[in-house]
Amino acid sequence: MQYQIQRDRMVQDQLVARGIKDTRVLQAMRKTPRHLFVEEAFAMRAYGDYPLLIGEKQTISQPFMVGYMVEALALNNKDRVLEIGTGSGYQTAVLAEICQKVFSIERIKSLAKKARQLLESFGYHNFQIRIDDGSIGWAEKAPFEAIIVSAAAPQVPAPLCEQLAEGGRLVIPVGTEKSQTLRLIYKKNGEIFEEEKFGCTFVKLIGKYGWEI
Ligand code: SAH
């Protein structure tokens, strides 16, 4: 109950107050128990306005960033979504609430396993987590109506644009290792269009179309 109050407050003060409007996103974030996705010692701070450590030197994104990126995907309940960087699985849960199926890729085995267990324990069945380099996408499951990358890339990985369905949307932070710009990319009549949103800082995307370790 205490956490529900914190969640409602997080949605109001950090998301609604900053312009997030998609009711499905707001509802999913009101529901998802973020405190169970962070390290236990951080549970009390899980609804704060910042990213937090989740182990393996990785982070769970700030709530606003998750809300903004998921809203930018303009999802509906028929969409199949590719997520790169499962991390804690928090964003996977938010996506699973909204879309038909989430295909999520995480390169660190321990994080992938933990996220999978947690999501199963909440009763989600519409997700699949694979341990691999997500910078090359997931060709066998393509095309995707939406792709969300939660790690910073030096450039937009070409396979992700290829795996985007007609009319599909892709959000990804692109830039240097220290700072990036969030890009919204979409495919219209087979052509790729890009919009730059705002500055951000994510952990590195490590892989073939990302950085070397
Ligand atoms: N959305 C996550 C945050 C993930 S942090 C959450 O809600 O918790 C970024 C994650 O991307 C890290 O777990 C990192 O291991 C992973 N990552 C980095 N490069 C990757 C790659 N090439 N493929 C898949 N996952 C990758």
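For the structure itself, consult the block above.
Residues numbered from 1 in each chain as written. Predicted model: local features only at pLDDT ≥ 70, side-chain atom pairs only at ≥ 80, totals over all residues. Heavy atoms only, no water.

What am I meant to see in the site of the ligand here?
Lining the immediate surroundings of the ligand are 25 residues, of which Ser88, Glu106, Asp133, Gly134 and Ile206 lie closest. Separating a nitrogen atom of the ligand from a backbone N or O atom of Gly85 is a distance of 3.5 Å. The contact in question runs from a nitrogen atom of the ligand to an N or O atom on the backbone of Ile206, over 2.6 Å. Here the ligand loses 99% of its free accessible area of 580 Å² to cover by the protein chains. The cavity where the ligand resides is the largest pocket. Elements with a minimum of two residues in the shell around the ligand: strand S2 (58-60), helix H4 (90-98) and strand S4 (101-106). The element contributing the most residues to the shell around the ligand is S2, with three residues. (Near = heavy atom within 4 Å. Polar contact = N/O pair within 3.5 Å; in protein donor to acceptor, adjacent residues only side chain to side chain. Areas by Shrake-Rupley, 256 points an atom, 1.4 Å probe, with all protein chains shown as cover. 1 Å grid on protein atoms, 1.4 Å probe; cavity = no way out; pocket = protein on both sides within 12 Å on 5 of 7 lines; lining within 4 Å. Sits in = over half its atoms within 2 Å of the grid points. Helix = DSSP H or I, 4+ residues; strand = E, 2+ residues; numbered from the N terminus.)

Just checking my understanding: could you explain the layout of surface pockets for this structure?
A water-sized probe rolled over the atoms picks out the places where empty space is left. A volume near 540 Å³ is recorded for the largest pocket. Lining the largest pocket are 38 residues; nearest its centre among them are Thr59, Ser150, Ala151, Phe202 and Val203. For the lining of the largest pocket, the secondary-structure elements that each account for two or more residues are S2, helix H3 (63-72), strand S3 (80-84), H4, S4 and strand S9 (191-200). The residue inventory of the lining of the largest pocket, partitioned by class, reads 18 nonpolar, 14 polar and six charged. (Points joined across faces, edges and corners; volume = space filled by probe spheres on them. Nonpolar A, V, L, I, M, F, W, Y, C, P; charged D, E, K, R; others polar.)

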